[in-house]
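Each chain, letter by letter, is given below.
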Amino acid sequence: VSLHSLAELEVLCTHLYVGTDLTQRIEAEKALLELIDSPECLSKCQLLLEQGTTSYAQLLAATCLSKLVSRVSPLPVEQRMDIRNYILNYVASQPKLAPFVIQALIQVIAKITKLGWFEVQKEQFVFREIIADVKKFLQGTVEHCVIGVIILSELTEEMNLVDYSRPSAKYRKIATSFRDTSLKDILVLACSLLKEVLAKPLNLQDQCQQNLVMQVLKLVLNCLNFDFIGSSADESADDLCTVQIPTTWRTIFLEPETLDLFFNLYHSLPPLLSQLALSCLVQFASTRRSLFNSPERAKYLGNLIKGVKRILENPQGLSDPGNYHEFCRFLARLKTNYQLGELVMVKEYPEVIRLIANFTITSLQHWEVAPNSVHYLLTLWQRMVASVPFVKSTEPHLLDTYAPEITKAFITSRLESVAIVVRDHLDDPLDDTATVFQQLEQLCTVSRCEYEKTCALLVQLFDQNAQNYQNLLHPSSGVTVDITIQEGRLAWLVYLVGTVVGGRLTYTSTDEHDAMDGELSCRVFQLISLMDTGLPRCSNEKIELAILWFLDQFRKTYVGDQLQRTSKVGFYY
């Protein structure tokens, strides 16, 4: 493919980025590889950037440059410096380029900076002047400020990336050096920009202003998400996350203004941006405990709890799904990182635990709400209740008041959902067994707190629903919708009985609790008997799956060979 003229290069761009013909695209990809290998590559990139008529021409130039500077055998230092300075001047002179072009060009600068981090000329590290370069951008227009912030953000992200095709020790050394020499300054700079934003009236109609705030918040998030100790933690293990903030950052975290800044931003910004402020707060709540001594930790936790109280007292922002999800993550992280004994010592604890309980109950009552978010709320309560036996503080934890309310809200909301699901032909939550099992496993710990209340509720609901089901099975009543609803409710109840029985802990269980388990289990066995006598009419897959779950939980709790103490329940049957 001949690629001499600008017109030919632009045809290549069209085939690569917007073409629908597969053959042409494969040809274009081949031509791109030839272009990168050709000695004319840099001059062609310059031609595309300076005279290209579309954003795709500029994107092609950025793609070529990125591949060129990432080669295992690097370009000469002078040439890489020229490319870096050329791109800096280019984006400075054309701040209104398409966002994807700006990002692609800045990624080239980030790659050059990372790969040349340790290169020295005239006793100076030649690629480390990036913060000084960015400060020039920050003195310009809002568009220039945005570009400056994106440069720092892309650089931080690039430093955090692991390239498995190259020696990892070298990249860890670069990332560690970047962390020690530059990352704190970048975070301080980002926070000072956010303080400036809050200091003057926010014009949220101004798209440029919004974009600047968004990019600065993304930059803070990149700083806080940095892999500080080279653990490359699995991001899917969200609930285990501790942020290993370096000790040199202590002063930033000890200033109450730092947390206040992000809580104030949450309350001042529209949802798309306030969600990012909450994401930053999730990381602040996950800061490693050892960063502080005991009094400092108590003070830091106190400020986090005050922030939670303020959000729950002004809950308007939580109607946005993004904010709601991040806030649920934030609450779960509090318990991951702090002990119940520390939480109860906070002055606002009694009021905050009441607000969190009400927030959780409301969330559970809206059963159609994203289960991914509810997962974090149930994680919080599961961990709080599991900690109760180990609390040495004399301050009341109040979980015996609120945990039964949480369990009740889960039980009643799931039963009430059945009629709506059946009548409106909605997706049945019971069909998503992975989510159901996950939620039930979290609930099993919570349900054993003040177990008498939960057991009495389940006995009452089970008797009532089993009786209704028996009446509907009578030959004279042929309303299939009602039978379907009743079967759905019984399936939930069997799952719930299995859950509470499976939540029995040997070291806290009593004969009274075992007798309650017996009362509930007895009802499930009676239901099995009822369904067996009514076959084939009574066959229902959902109830049968729930019975299998119950039998598995019952076996693990009362029939297994690992039992620590004998229970009377085993002798009931």
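Residues numbered from 1 in each chain as written. Predicted model: local features only at pLDDT ≥ 70, side-chain atom pairs only at ≥ 80, totals over all residues. Heavy atoms only, no water.

Visitor: Looking at this structure, how should I read the overall build of the protein?
Guide: In terms of regular secondary structure, the protein is built from 24 helices and two strands. Judged by the C-alpha coordinates and their principal axes, the protein covers about 85 × 60 × 50 Å. Counting over 573 residues, the protein shows a buried share of 52%. Within the protein, the 65 negative side-chain charges are centred at a point lying 6 Å from the centre of the 52 positive side-chain charges. (Helix = DSSP H or I, 4+ residues; strand = E, 2+ residues; numbered from the N terminus. Buried < 20%, exposed > 50% of the residue type's maximum accessible area, 1.4 Å probe, protein only. Lys, Arg positive; Asp, Glu negative; His and termini not counted. Charge placed at Lys NZ, Arg CZ, Asp CG, Glu CD.)

Visitor: For this particular structure, what's the right way to read the domain arrangement of the protein?
Guide: When the parts of a complex come together, some accessible area is lost, and that lost area is often taken as the interface size. For the protein, the assigned domains read domain 1 (1–73), domain 2 (76–229), domain 3 (242–397) and domain 4 (414–572). The distance between the C-alpha centroids of domain 2 and domain 3 comes to 30 Å. Opposite the 23 residues of domain 2 that make contact, domain 3 presents 24 residues. The three residues of domain 2 that bury the most area against domain 3 are Lys 184, Leu 217 and Leu 224, which together make up 27% of that side's buried surface. Run the count over domain 2 and domain 3 and you get zero salt bridges. Looking at the side of domain 2 that touches domain 3, the elements that each hand over two or more residues are α9 (168–199) and α10 (207–224). Along the lines of polarity and charge, the residues of the side of domain 2 that touches domain 3 split into 17 nonpolar, two polar and four charged. (Domains from an automatic or database assignment. Contact = heavy atoms within 4.5 Å. Buried area = accessible area lost by both parts, 1.4 Å probe. Salt bridge = Lys/Arg side-chain N within 4 Å of Asp/Glu carboxyl O. Nonpolar A, V, L, I, M, F, W, Y, C, P; charged D, E, K, R; others polar.)

Visitor: I would appreciate a short explanation of unusual backbone geometry in the present structure.
Guide: In terms of backbone geometry, most residues other than glycine have negative phi values and most peptide bonds are trans. Here the phi dihedral of Glu 123 falls at roughly 60°; this positive angle occurs in a residue that is not glycine. Within the fold, Glu 123 resides in the loop between β1 (120–121) and β2 (124–125). With relative accessibility at 78%, the residue Glu 123 sits in the exposed group. Of note in the backbone geometry, Leu 398 takes a positive phi value of approximately 65° without being a glycine. Mapped onto the secondary structure, Leu 398 falls in the loop between α18 (371–387) and α19 (399–423).

Visitor: I'm lost on a negative patch on the surface in this one. Help?
Guide: Negative charge collects at one region of the surface, where Asp 400, Glu 450, Glu 452 and Glu 512 lie side by side. Tracing the backbone through its elements, the reader meets Glu 452 in helix α21 (residues 451–472). Taking the relative accessible area as the measure of exposure, Glu 452 reaches 41% and is therefore partly exposed. (Patch = residues over 30% accessible without salt bridge, like charges linked within 9 Å, V, L, I, M, F, W, Y side chains within 5 Å. Areas by Shrake-Rupley, 256 points an atom, 1.4 Å probe, with all protein chains shown as cover.)

Visitor: Whenever I open this one, the nonpolar core confuses me. Can you help?
Guide: Within soluble globular proteins, side chains that are nonpolar tend to cluster in buried spots. Core analysis: the largest hydrophobic core is formed by 197 residues, its most contacted members being Leu 217, Phe 253, Phe 262, Phe 327 and Trp 381. Looking at this core element by element, the count peaks at 13 residues for α9. In this structure, Trp 381 is in contact with Ile 353, Ile 356, Ala 357, Thr 360, Leu 399, Tyr 402, Ile 406 and Val 446, ignoring residues within four places of it in sequence. (Core = buried A, V, L, I, M, F, W, Y, C linked by side-chain atoms within 4.5 Å.)

Visitor: I'm lost on the side chain of Lys 114 in this one. Help?
Guide: Residue position: Lys 114 is located in helix α6 (residues 99–115). With relative accessibility at 3%, the residue Lys 114 sits in the buried group. Apart from residues lying up to four places away in sequence, Lys 114 is in contact with Glu 158, Met 159, Leu 161, Tyr 171 and Ile 174.

Visitor: Hey, could you run me through the state of the cysteines in this one?
Guide: As used here, a disulfide is simply a covalent bond connecting the sulfur atoms of two cysteines. Overall, the coordinates contain zero disulfides when judged by the stated rule. Free of any disulfide, Cys 455 has its nearest cysteine sulfur in Cys 522, 12 Å distant. Take Cys 455: its relative accessible area is 6%, and that puts it in the buried class. (Disulfide = S-S within 2.5 Å.)

Visitor: Even after reading the chapter, I still don't get helix α12 (residues 256–268), so can you show me in this structure?
Guide: Because an α-helix completes one turn every 3.6 residues, residues spaced three or four positions apart along the sequence face the same direction. Here α12 is 13 residues long and its end C-alpha atoms lie 18 Å apart, about the 18 Å a rise of 1.5 Å per residue gives. For α12, the complete set of buried residues consists of Thr 258, Leu 259, Leu 261, Phe 262, Phe 263, Leu 265 and Tyr 266. Looking at the buried side of α12, the elements it contacts are α9, α10, α11 (250–254), α13 (271–285), α14 (294–313) and α15 (321–337). (Expected span 1.5 Å × (residues − 1).)

Visitor: Could you clarify how one ought to interpret the packing of aromatic side chains in this entry?
Guide: Within this structure, the stated rule accounts for 23 aromatic pairs. Pairing Phe 525 with Phe 554 gives two aromatic rings, centres 5.6 Å apart and planes at 85°, and the pair type is edge-to-face. Residue Phe 525 is found in helix α23 (residues 511–533), and its partner Phe 554 is found in helix α24 (residues 541–559); the two are separated by 29 residues along the sequence. Members of the aromatic cluster, each reached through a chain of ring pairs, are Trp 117, Phe 178, Phe 226, Phe 228 and Trp 249. Here Arg 128 stacks its cationic end above the ring of Phe 125, 3.7 Å away from the centre of that ring. The ring of Phe 410 is capped by Arg 414, whose NZ or CZ atom sits 4.4 Å from the centre of that ring. (Phe/Tyr/Trp six-rings, centres within 6.5 Å; stacked < 30°, edge-to-face > 60°. Lys NZ or Arg CZ within 6 Å of the ring centre and 35° of its normal.)

Visitor: What is the right way to look at a nonpolar patch on the surface in this model?
Guide: Judged by side-chain polarity, Val 18, Tyr 56 and Phe 100 come together as a nonpolar surface patch covering roughly 240 Å² of accessible area. Inspection of the secondary structure assignment puts Tyr 56 in helix α4 (residues 55–69).

Visitor: Got a minute to help me understand the packing of α10 against α13 in this structure?
Guide: For any two helices packed against each other, the geometry is given by the interaxial angle and the distance between the axes. Closest axis-to-axis distance for the α10/α13 pair is 9 Å, and the angle between their directions is 15°. When the interaxial angle is binned, α10 and α13 end up roughly parallel. The hand of the α10/α13 crossing is left-handed. Listed contacts from α13 to Gln 210, Val 213, Met 214, Leu 217, Lys 218, Val 220, Leu 221 and Leu 224 of α10 are Leu 272, Leu 273, Leu 276, Ala 277, Ser 279, Cys 280, Gln 283 and Phe 284. The residue makeup of the contact of α10 with α13, split by class, is twelve nonpolar, three polar and one charged. (Axes fitted to C-alpha atoms, helices over the stretch in contact; angles between N-to-C directions. Parallel < 35°, antiparallel > 145°, perpendicular 65-115°, else oblique. Left-handed = near helix turned anticlockwise from the far one by under 90°.)

Visitor: Would you mind showing me how to read the environment of Ile 252 here?
Guide: Structurally, Ile 252 is set in helix α11. Note: C-alpha distance between Ile 252 and Val 220 (32 residues apart in sequence) is 13 Å. Leave out the neighbours within four places in its chain, and Ile 252 touches Lys 184, Leu 187, Val 188 and Thr 258.

Visitor: So what exactly am I meant to see when it comes to helix α3 (residues 41–51) here?
Guide: Of all the positions in α3, only Cys 41, Lys 44, Cys 45, Leu 48 and Leu 49 are classed as buried. For α3, the angular spread of buried residues about the axis comes to 135°, placing them on one side. Buried positions along α3 lie against α1 (6–17), α2 (22–37), α4, α5 (77–93) and α6. (Arc of directions from axis to C-beta.)

Visitor: For this particular structure, what's the right way to read the pattern of salt bridges?
Guide: Opposite charge on two side chains permits them to pair, given that their charged atoms come into close proximity. All told, the structure shown has 24 salt bridges when counted by the stated rule. Across the pair Glu 158 and Lys 114 runs a salt bridge, and its minimum N-O distance is 3.9 Å. Of this pair, Glu 158 sits in helix α8 (residues 142–160) while Lys 114 sits in helix α6; the two residues are 44 residues apart in sequence, bridging distant segments of the chain. Take Glu 158: its relative accessible area is 12%, and that puts it in the buried class. Here Asp 180 and Arg 179 are joined by a salt bridge, their closest N and O atoms 2.8 Å apart.

Visitor: What should I look at first to understand the packing of α1 against α4 in this one?
Guide: The interhelical angle for the contact between α1 and α4, taken along N-to-C directions, is 85°, at an axis separation of 9 Å. In terms of orientation, α1 lies roughly perpendicular with respect to α4. In this structure, α1 contributes Leu 9, Glu 10, Leu 12, Cys 13, Leu 16 and Tyr 17 to the contact, and α4 contributes Tyr 56, Ala 57, Leu 59, Leu 60 and Thr 63. By residue class, the composition of the contact of α1 with α4 is nine nonpolar, one polar and one charged.

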